[in-house]
Amino acid sequence: MPEPAEVPMNLPELPPRLAGVFRALRSGRHISRADGPDFLDLERRTPLYEHLFQKLGYTLRHHSQGFYYFEGTGAIRSERMRAALLFLLIIFQDLEERKFNRQDRAWERSLLRNTYKVAELPHFHTAQRRAIMSAVGIEESTLPKVLRFLGSLGVVQVMPDDQFKFLSPVYRFIDLCVRYSDDDKWSTALSAAAPTTTAEADPSSEEDEEELEP
């Protein structure tokens, strides 16, 4: 008696950039338009990527500012991510304090259009800010390391001559910082987010990150 013919399975064709996209997202990177082919493949095949990643136990998110990331990856609880978050929080605080000197009074809207110089960053201009940076192991000489780490997350683009610009994923960190604020009082946010110990942290560490709190 002949064996029954096998019924062909109509499996979806895997995205051509699946492996690279998965590695990047799993490492905590936020994939934006600046990532070129990876972003375009995600954008064109979002439902398929969502389905595949869900089967692997990951949730793909698409932020309203137009970038993708894995929910739950990153590291608010890790020393390295805490240092990066406080680094960004001080920048946001400084922009908020100076917004009335701007014509549009809305620094969030022009954040991606500006270029920033490391030498002009506000992190060591006051005793409070110097203390916060010292508490997470950041000195003026190590600011480039923090920027390189944020670059690996897709948050900034490091440029020549000690300059950088923000990419769209920075808005996820603005969301996180706002959660620590009290009616936009950034000084309260700094106090709430500042570490309670003086344990040193190296933002350039290559250790795996803990999960980012939603």
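Everything here concerns the structure above.
The following paragraphs examine the structure supplied in this document. Starting from 1, residues in each chain are numbered consecutively following that chain's sequence as written. Reporting of local features is limited, given that this is a predicted model, to residues whose pLDDT is at least 70; pairs of side-chain atoms are given and counted only at 80 or more, and all residues count toward the totals for whole chains, interfaces and linings. Excluded from the side-chain calculations are hydrogens and water; all other atoms, namely the structure's heavy atoms, are used.

Before going further, it helps to examine the overall build of the protein chain. Elements are defined by DSSP. Helices are runs of H or I of four residues or more, strands are runs of E of two residues or more, and each kind is numbered from the N terminus. Looking only at helices and strands, the protein chain features nine helices and five strands. In sequence order, the secondary structure elements of the protein chain are arranged as α-α-α-β-β-α-α-β-α-α-β-β-α-α. When the 214 residues of the protein chain are sorted by exposure, 45% land in the buried category. Between two residues, a contact is recorded if the distance between any of their heavy atoms is within 4.5 Å. Counting contacts in the protein chain only where the partners sit at least 6 residues apart, residues at least 24 apart contribute 69% of the total. The rule is simple: take the accessible area with a 1.4 Å probe, protein chains only, and divide by the maximum for that residue type; under 20% is buried, over 50% is exposed, in between is partly exposed.

Moving on: the packing of helix 1 (residues 18–26) against helix 3 (residues 46–55). Axis definition: a line fitted to C-alpha atoms, over the contacting stretch in the case of helices. Angles run 0 to 180 degrees between N-to-C directions. Close contact between helix 1 and helix 3 brings their axes to 12 Å; oriented N to C, the two are set at 60°. Here helix 1 runs over helix 3; the crossing is right-handed. In this structure, helix 1 contributes Leu18, Val21, Phe22 and Leu25 to the contact, and helix 3 contributes Tyr49, Leu52 and Phe53. Ten residues, namely Ala, Val, Leu, Ile, Met, Phe, Trp, Tyr, Cys and Pro, are considered nonpolar, four, namely Asp, Glu, Lys and Arg, are considered charged, and the remaining ones, Gly among them, are considered polar. Residues belonging to the contact of helix 1 with helix 3 are distributed by class as follows: seven nonpolar, no polar and no charged. In this scheme, a crossing is called left-handed if the near helix is turned counterclockwise away from the far one by less than a right angle; it is called right-handed if the turn is clockwise.

Let's shift gears to the environment of Pro37. Among the secondary structure elements, Pro37 is positioned in helix 2 (residues 37–44). The exposure class assigned to Pro37 is partly exposed, which follows from its relative accessible area of 48%. Through-space distance from the C-alpha of Pro37 to that of Val21 is 9.7 Å; in sequence the pair is 16 residues apart.

It is worth spelling out the environment of Lys145 at this point. Within the secondary structure, Lys145 is located in helix 7 (residues 143–152). Sequence spacing of Lys145 and Ala84 is 61 residues, and the spatial spacing of their C-alpha atoms is 9.9 Å.

The next point concerns the pattern of salt bridges. We define a salt bridge as a contact between a side-chain nitrogen of Lys or Arg and a carboxyl oxygen of Asp or Glu at a distance within 4 Å. Going through the model one piece at a time under the given rule, you end up with eight salt bridges. Of the charged contacts, one joins Asp35 and Arg29 as a salt bridge, the two residues approaching to 2.8 Å between their closest N and O atoms. Here Arg129 ties to Glu97 by a salt bridge, and the two come within 3.2 Å at their closest N and O atoms. Taken as a pair, Arg129 in helix 6 (residues 127–135) and Glu97 in helix 4 (residues 79–97) lie far apart in primary sequence, 32 residues in all. Taken together, the shared-partner salt bridges in this structure form one network comprising Asp94, Glu97, Arg98 and Arg129.

Another aspect to go through is the nonpolar core. Each nonpolar core is a collection of buried residues, namely Ala, Val, Leu, Ile, Met, Phe, Trp, Tyr and Cys, held together in the definition by side-chain atoms within 4.5 Å. Phe87, Phe92, Leu111, Phe164 and Phe166 are the most contacted members of the largest nonpolar core, which has 38 residues in total. Mapped onto this core, the elements with two or more residues apiece are helix 4, helix 6, helix 7, strand 5 (163–166) and helix 8 (170–180). It is helix 4 that contributes the most residues to this core, twelve residues altogether. Judged by nonpolar contacts, the second largest core, of 13 residues, contains Ile31, Phe39, Tyr49 and Phe53.

This part takes up the layout of surface pockets. In this structure, the second largest pocket occupies an estimated 160 Å³ of space. Looking at the lining of the second largest pocket, the elements with two or more residues in it are helix 4 and strand 3 (116–117). No other element matches the three residues that helix 4 contributes to the lining of the second largest pocket. Of the residues contributing to the lining of the second largest pocket, the split by class is five nonpolar, one polar and four charged. For each structure, a 1 Å grid was placed over the protein atoms alone; sets of points admitting a 1.4 Å probe that cannot get out are labelled cavities, open sets with protein on both sides within 12 Å along at least five of seven lines are labelled pockets, and lining residues have an atom within 4 Å of a point. Grid points are joined across faces, edges and corners, and a volume is the space filled by probe spheres set on the points.

This part covers the sheet that holds strand 3. Spatially, the three strands line up as an open sheet ordered 3-5-4, and their pairing is antiparallel. Because the sheet does not close on itself, it has two edges, and the strands there are strand 3 and strand 4 (156–159). Here, a strand pair is defined by DSSP locating no fewer than two bridges between the strands. Bridge analysis of strand 3 against strand 5 gives two bridges, and the strand direction is antiparallel. Across the sheet, Tyr116 pairs through a bridge with Phe164, a residue of strand 5.

Further remarks concern the packing of helix 4 against helix 6. In the contact formed by helix 4 and helix 6, the axes pass within 10 Å of each other and the chain directions differ by 165°. In terms of axis orientation, helix 4 runs roughly antiparallel to helix 6. Helix 4 and helix 6 meet at a crossing whose hand is right-handed. Touching Leu86, Phe87, Ile90, Gln93, Asp94 and Glu97 of helix 4 are Arg129, Ile132 and Met133, all from helix 6. A breakdown of the residues in the contact of helix 4 with helix 6 according to their chemical character gives five nonpolar, one polar and three charged. We call two directions roughly parallel when the angle between them is under 35 degrees, roughly antiparallel when it is over 145, roughly perpendicular when it lies between 65 and 115, and oblique otherwise.

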